[in-house]
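These are the residues of each chain, in order.
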Amino acid sequence: MESLFAAKKSSRLKNLLILLLCTAIIYFLSDFPFLAEYVFARGVTRFIGFVLNTFTNYIPVSFYEFTALFLIAGGISLAAVILVMTAKKRFALVRVYLYRLVSAVVAVVAAFGLTYAPLYERYSSFDALGLTHAEVNEEKIYAAAEYFVNLLAETSSSLSRDKDRNVLPTSEFNDLASEFNAGFDKLNSDYFNGYKVIPKKVSMSVPMSYLGITGIYFPFYAESNLNVNVPPYTLPFTMAHEMAHAKGVSRENEANGVAYALCLYSSDSYIRYSGLMNASAYLINRLNEEKYQELVNKLPEEILAEYANANAHYEKYEGVIDEISSFFNDLFLKSNGVQSGISSYGETAETLVALYEKLSN
């Protein structure tokens, strides 16, 4: 009997080591930009995404939500079982449970290495957006900010607002997705996945707000999930950002860059307004106090009111939970080679300056 247990233990260790070796090879290979681009992003990862997308795209429920609930419940149950087994001194069974847990974690890491991690090392999406690299300096940032502020005021005048002066959406959730899918098609670049992406509303949007999450792409299902408990003007831009992840863009600053391009290229006033609201706020905040105030004074009162409403909305959900969530998101990004962590979301100055130069000419 002892030899049987020893054989099983040896077999489990061997299987775990093989799984670890396979995982290490996946991450080693995907660390080379050429392989990340042409073997994974346009090959293995794209094919897996297509297969997953085929099964999950047209089912309206969020698989991410069910998985999150399952993991929370499963984690609590497993911890309870291990504690009970330890108290009863059934250590052999505890080792089996721990082996299964470690194996499951390594398998998930390996799956992430096939479905998403290589995208962090692929080439830039800049050329795919039809942009020319631009010099970024204070003068260019001000020129771009002024251009977008003027365009924002003009676009705002064509939209209606509610009693709180928030913009009223002119497109339904699914219509926005259709517009962005068409926008990706117009880019006509093999850089992006060619299959259609249908984002999903998260029913637990309020809990997501407390976590500071406005959207999340879940690569294990090739699924873009949207928090719909957000200020109206932010939804199109956030949707475009999450769809960019599904289309093969993993770095947050690049997903933002794609979202800016899709919104600003759009002929839909509501979508363009969303991009302009985000672009103007980002660039204005990069300016010194004098130039900052000069451009803020150019903004119509209803837009200033909408910015204030958005700030008040997000402040309601700030707290310890939001800080913990941000900490782990920062850790996750840095572990995937994004040295600036969550600060990378804001590294889009060059894209916006390049968009300004293209659109203004």
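Residues numbered from 1 in each chain as written. Predicted model: local features only at pLDDT ≥ 70, side-chain atom pairs only at ≥ 80, totals over all residues. Heavy atoms only, no water.

Visitor: Would you mind going over unusual backbone geometry with me for this structure?
Guide: The phi torsion of most residues other than glycine is negative, and most of the peptide bonds are trans. With a phi angle near 75 degrees, Arg-165 is a residue other than glycine that sits in the positive phi range. Looking at the element boundaries, Arg-165 is found in the loop between helix H5 (138-156) and helix H6 (173-187). Since its relative accessible area comes to 36%, Arg-165 is described here as partly exposed. Phi angles above zero are rare outside glycine, and Asn-188 is one such case at about 50 degrees. Structurally, Asn-188 can be placed in the loop between H6 and strand E1 (200-201). (Helix = DSSP H or I, 4+ residues; strand = E, 2+ residues; numbered from the N terminus. Buried < 20%, exposed > 50% of the residue type's maximum accessible area, 1.4 Å probe, protein only.)

Visitor: Help me understand H5, please; the structure alone is not making it clear to me.
Guide: Residues that lie three or four places apart on an α-helix share one face, since the helix turns once every 3.6 residues. Counted at 1.5 Å a residue, the expected span for H5 with its 19 residues is 27 Å, and the 26 Å between its end C-alpha atoms agrees. For H5, the set of buried residues is Ile-141, Tyr-142, Ala-144, Ala-145, Phe-148, Val-149, Leu-152, Thr-155 and Ser-156. Each buried residue of H5 sits inside an arc of 165 degrees when the element is viewed along its axis, so together they form one side. Facing away from the buried side of H5 by over 90 degrees, the exposed positions are Glu-139 and Glu-154. (Expected span 1.5 Å × (residues − 1). Arc of directions from axis to C-beta.)

Visitor: Explanation requested: the sheet that holds strand E2 (residues 215-218) in the structure shown.
Guide: Pairing between sheet strands relies on hydrogen bonds along the backbone, with the strands arranged either parallel or antiparallel. Strand order across the open sheet formed by 3 strands is E1-E3-E2, with mixed pairing between neighbours. Two strands in the sheet have a free side with no partner beyond their single neighbour: E1 and E2. (Pairing = 2+ DSSP bridges.)

Visitor: I tried to follow the nonpolar core on my own but got confused; where do I start?
Guide: Within soluble globular proteins, side chains that are nonpolar generally end up buried alongside one another. The biggest cluster of nonpolar side chains holds 73 residues, and the ones touching the most others in it are Phe-148 and Phe-192. Where this core is concerned, the elements lending two or more residues are H5, H6, helix H8 (235-246), helix H9 (252-265), helix H10 (269-284), helix H11 (289-296), helix H12 (301-315) and helix H14 (349-360). At 9 residues, H10 tops the list of elements feeding residues into this core. With near-sequence residues (within four places) excluded, Phe-148 lies in contact with Leu-264, Leu-276, Ala-279, Ser-280, Leu-283, Leu-352, Leu-355, Tyr-356 and Leu-359. (Core = buried A, V, L, I, M, F, W, Y, C linked by side-chain atoms within 4.5 Å. Contact = heavy atoms within 4.5 Å.)

Visitor: Would you mind showing me how to read the packing of H8 against H10 here?
Guide: Helix packing for two helices is described by the angle between their axes and how far apart those axes are. Packing of H8 against H10 leaves a shortest axis separation of 7 Å and a crossing angle of 85 degrees. Considering the angle they form, H8 stands roughly perpendicular to H10. Here Leu-235, Pro-236 and Phe-237 of H8 lie close against H10, whose contacting residues are Tyr-270, Ile-271, Ser-274, Gly-275 and Asn-278. (Axes fitted to C-alpha atoms, helices over the stretch in contact; angles between N-to-C directions. Parallel < 35°, antiparallel > 145°, perpendicular 65-115°, else oblique.)

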